[in-house]
Amino acid sequence: MENLKYSEILQQNKILKEKIKGEPFKVSILSNITVNSFKEIAEYSLRLNGINPVVGIGNFDNIVQDSANCRDAKMVIIFYDTLNVVDSIAVFFDEMDDAAIQQVEQKIYTEIDMIFQNLAGIQTVIFNKFSSLLFPSRFVQSTKLDQFVGNLNAYLEKKAPRNVSLGDINKVIARLGARQSFDGRFYNSSKAPYTLSFFKEYISVIEPVIFRITGKLKKAIIFDCDNTLWKGIIGEDGMTKIDMSPASAHGKAFFEVQRIAKYLSKKGVIIGICSKNNPDDVEEVIVNHPDMLLKNEDIVIKKINWTDKITNLRDIARELNIGIDSLIFIDDSSFEINLIKEQLPEIVTLQVPTATYEYPAAVQNYIYKYLDLNSSEEDKKRTAAYKQEFQRQDESAKFQTLDAYLASLEIQLDIIKDDESQIPRISQLTQKTNQFNLTTIRYTESEVEKFMKGNNSYVFSATVRDKFGDSGLTVVCIVTENEPSSATIDTLLMSCRVIGRNIEIFFVNHIINFLKEKGYDTVYSKYIPTAKNPQVESFYEKMGFRVNKTENGIKYYSLETEDYQEQKIDYIKGVAVQYN
Amino acid sequence: MESVQPKIYQLMSTVFEIPVEEISEESSLDSIESWDSIRHLNLILAIEEEFGITIPDEEVGNLINYKLIELIINEQLGKH
């Protein structure tokens, strides 16, 4: 963005406008100065992030009035600029007497109150704080204007409601320098004080706010290993030569980045590894290197192999059950970074700077931009779910047998039949679940609905809870009737989040018992192999089904309900079964 | 010196949102309908960025046709 010329932005914008569709994201900009060149820059930046923007600029110097007329905006940005405030009241601010200044302050306070009130229904408002940075100043003593600005900002801080974020415009000016931010020519001719550089910087600092309300925040950071988590190459340099020591000039940056990553993992950000290496080499570093801060308990997912990183990153997203656009990928190799930029442009990438001392700050900037560590309720819940997963793993160390561990989790299943409120989730699971999925048949919502409403078919689903939290609806089974005495299990799947707890056995027990009570003597089922589901290729055998034939790799089974031997899973407790 | 004309045509076309074929040496504030004060400002900014020059304050308001724009750009480029 910073590297694009304005004319290029205008051109790119035209092209992107045709590509980026979807729900319009309406932004209203209210100001007492001219900010028209911001419109194209803001629209361009939003489109780059896959958001379809409608940016409207209010009438010049009409903030209060306009604030009453932008109810349908998702976001409102307010440039109530000190330059024009001062312009309208004084040539030389120090000339003004205190009483006059106070009067102006009171007037602005009233306006601020009205603006906040008018914008109460807007989801997100960014109100730029007042600034005296573009005015002549003294070094050792504040000016009257500094005090005036200080008072206005104190009022903003005091009164800003929850939906209003105060933007610190001084930080934007500090990054660019006043000379690059302000253009006196256009201020005098058109009341347009800010340069294109200023607006490019400005949009980049408010992007995190936009990402938050549009759900574009990232959830996971995936690191390469060599020259990314440590200095050096483990496969060549070996344990003693790689460096991530806080005491060494080259290692320090890597130590700091690991420290940050460790903190993020505690805050619920998913930390992962995607590296071309021998898994044993990396494992050796993680477990035994004295300077290695990131340990296995901090790392949620690892892809250490010689497969290309596109495949690995796709797998990571799928296995974590998050969008590919929720990933940040960090690697030192320009080859890998460019490959991902080209093939998976949805992934935000960071190449480790060649000047490694810049590396920790670069990571921090990404954190501020793409993550929200003070997350919303929804996010907190999700973070909690991942944390629970950690706790479950921790707990597993305490118990000698898996059964004892599973019993300690106090797992509870709520099985429901034909729950129409869950149609979207069930359809989604049929489409996304790959590993524990016996037939991998994908169903649309209307198809699921048909199964539910049909007299001769049943859709069972289960939500899973344990003492650490709620995993939600994660198990699905669809059964269809063949003739009054027999039925077929069309679909049986379970989200990878709840694999490994014998929930499937418990679930199938219930279904077979249900079918038996309904008078079905025979239950048919099948296993259709895919690249992802070998772990369930013998599932029905384990459940006591008989293989009748195998054709093209597909196994066809049957079970006489009369003969069904239920495997008791005692540690799954307090099941509440609701059949609508 | 390389002619600045193609670049200026391109910029005018982008800023005023008209096909580049419609721009000529005779183009001016009067012949291009979309040439309003906001776009004028955008044009100046785009020109400055494109050529790496700063157009003096007193000239900003004067650049109301193609020939004047070309003149001032060459004048500023010549200073370097």
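Coordinates for the structure precede this section.
These numbers come from a predicted model, not from an experiment. Sequence positions are assigned chain by chain, starting from 1 and proceeding in written order. Numbering of ligands from 1 and lettering of chains from A proceed in the order in which they are written. In keeping with the model being predicted, local features are shown solely for residues with a pLDDT of at least 70 and side-chain atom pairs are shown and tallied solely at 80 or more, while totals for entire chains, interfaces and linings include all residues. For side-chain calculations, the full set of non-hydrogen atoms in the structure is used, while hydrogens and water are omitted.

A. How the structure looks around the overall build of chain A. Tallying secondary structure elements over chain A gives 22 helices and 19 strands in all. When burial is assessed residue by residue, chain A has 51% of its 580 residues classed as buried. When checking whether two residues touch, look at their non-hydrogen atoms; a contact exists if any pair is within 4.5 Å. Sequence separation of at least 24 residues holds for 72% of the intrachain contacts in chain A that already meet a minimum separation of 6. Values of accessible area rely on a 1.4 Å probe in the Shrake-Rupley scheme; residue burial ignores everything except the protein chains shown. When the accessible surface of chain A is summed, it comes to about 27300 Å², and 48% of that surface belongs to carbon and sulfur atoms. By the criteria applied, helices consist of DSSP H or I runs no shorter than four residues and strands consist of E runs no shorter than two, each listed in order from the N terminus. A 1.4 Å probe rolled over the protein chains alone gives each residue an accessible area, and that area as a share of the maximum for its type sets the label: buried under 20%, exposed over 50%, partly exposed in between.

B. Structural detail: the side chain of N312(A). Residue and element names in this part refer to chain A. If you trace the backbone, N312 turns up in helix α14 (residues 309-320). What qualifies as a polar contact is a pair of N or O atoms within 3.5 Å, subject to a donor-acceptor requirement within protein and to the restriction that residues adjacent in sequence count only when both atoms come from side chains. A distance of 3.4 Å separates a polar atom in the side chain of N312 from the backbone oxygen of T307. Leaving out residues up to four positions away in the same chain, N312 has contacts with C274, K303, N305 and T307.

C. Spotlight on the packing of helix α5 (residues 98-118) of chain A against helix α6 (residues 144-159) of chain A. Residues and elements named next belong to chain A. Throughout, an axis means a line fitted to C-alpha atoms (over the contacting stretch in the case of helices), and angles, computed between N-to-C directions, take values from 0 to 180 degrees. Interhelical geometry of α5 versus α6 gives an angle of 30 degrees and a closest axis separation of 11 Å. The pairing of α5 with α6 is recorded here as roughly parallel in orientation. Remark: the crossing between α5 and α6 carries right-handed chirality. Along its contact with α5, which presents D98, I101, V104, E105, I108, Y109, I112, D113 and F116, the element α6 presents K144, F148, N151, L152, Y155, L156 and K159. Here is the rule for angles: anything less than 35 degrees is roughly parallel, anything more than 145 is roughly antiparallel, 65 through 115 is roughly perpendicular, and the remaining ranges are oblique. Crossings are assigned a handedness: left-handed for a near helix turned anticlockwise from the far helix by less than a right angle, right-handed for a clockwise turn.

D. Region of the structure containing the interface of chain B and chain A. At the interface, 19 residues of chain B touch 16 residues of chain A. Sorting the residues of chain B by area buried against chain A places L41(B), L45(B) and E49(B) first, and these three jointly supply 35% of that buried surface. We define a salt bridge as a side-chain nitrogen of Lys or Arg found within 4 Å of a carboxyl oxygen belonging to Asp or Glu. Joining chain B to chain A, the criterion identifies three salt bridges. One salt bridge connects K5(A) with E50(B), and the closest N-O pair in it is separated by 3.6 Å. Where chain B packs against chain A, one counts six residue pairs in polar contact (both at pLDDT 80 or more). Sorting the residues of the side of chain B that touches chain A by element identifies α1 (5-16), α2 (37-51) and α3 (57-60) of chain B as the ones contributing at least two each. Looking at the side of chain B that touches chain A, the element that brings in the most residues is α2(B), giving nine residues. A 1.4 Å probe defines the accessible area here, and the buried area is the portion of it lost by two parts on being joined, summed over both.

E. Unusual backbone geometry, seen in detail. All names here are of chain A. One non-glycine residue with positive phi stands out, namely N227, at about 60 degrees. Summarising the element assignment, N227 is placed in the loop between β6 (220-223) and α11 (234-237). At N552, a position not held by glycine, the phi torsion is positive, near 50 degrees. One can find N552 in the loop between β17 (546-551) and β18 (554-560).

F. Quick look at the pattern of salt bridges. This model, assessed by the stated rule, comprises 32 salt bridges over all chains. D298(A) serves as the salt-bridge partner of K266(A), at 3.6 Å between the closest nitrogen and oxygen. Of this pair, K266(A) sits in helix α12 (residues 252-266) while D298(A) sits in the loop between α13 (279-288) and β8 (301-304), and the two are 32 residues apart along the sequence. Here D298(A) falls in the buried class, since its relative accessible area comes to 2%. Here the residues in one salt-bridge network are K5(A), K7(B) and E50(B), joined through shared partners.

G. Main features of the pairing of strand β13 (residues 457-466) of chain A. Residue and element names in this part refer to chain A. Judged by how many residues are buried, β13 sits mostly within the fold: eight of ten residues are covered. Here a strand pair is declared whenever DSSP counts at least two bridges between the two strands. In this structure, strand β11 (residues 411-417) lies alongside β13, joined through six bridges in antiparallel fashion. Bridge pairing links D414 to T463 in β13.

H. Representation of the sheet that holds strand β5 (residues 164-167) of chain A within the structure. Residue and element names in this part refer to chain A. Strand order in the open sheet made by the five strands is β2-β1-β3-β4-β5, with parallel pairing throughout. Of all the strands in the sheet, the pair left with one neighbour each is β2 (52-57) and β5. The sheet shows a mean angle of 20 degrees between the axes of neighbouring strands, direction not considered. Relative to strand β4 (residues 124-128), strand β3 (residues 75-79) runs parallel, the two sharing four bridges. Each bridged residue has a counterpart across the sheet, and for V76 the counterpart in β4 is V125. Contacts from helix α2 (residues 36-48) reach β1 (24-31), β2 and β3, with the element oriented near 165 degrees to β2.

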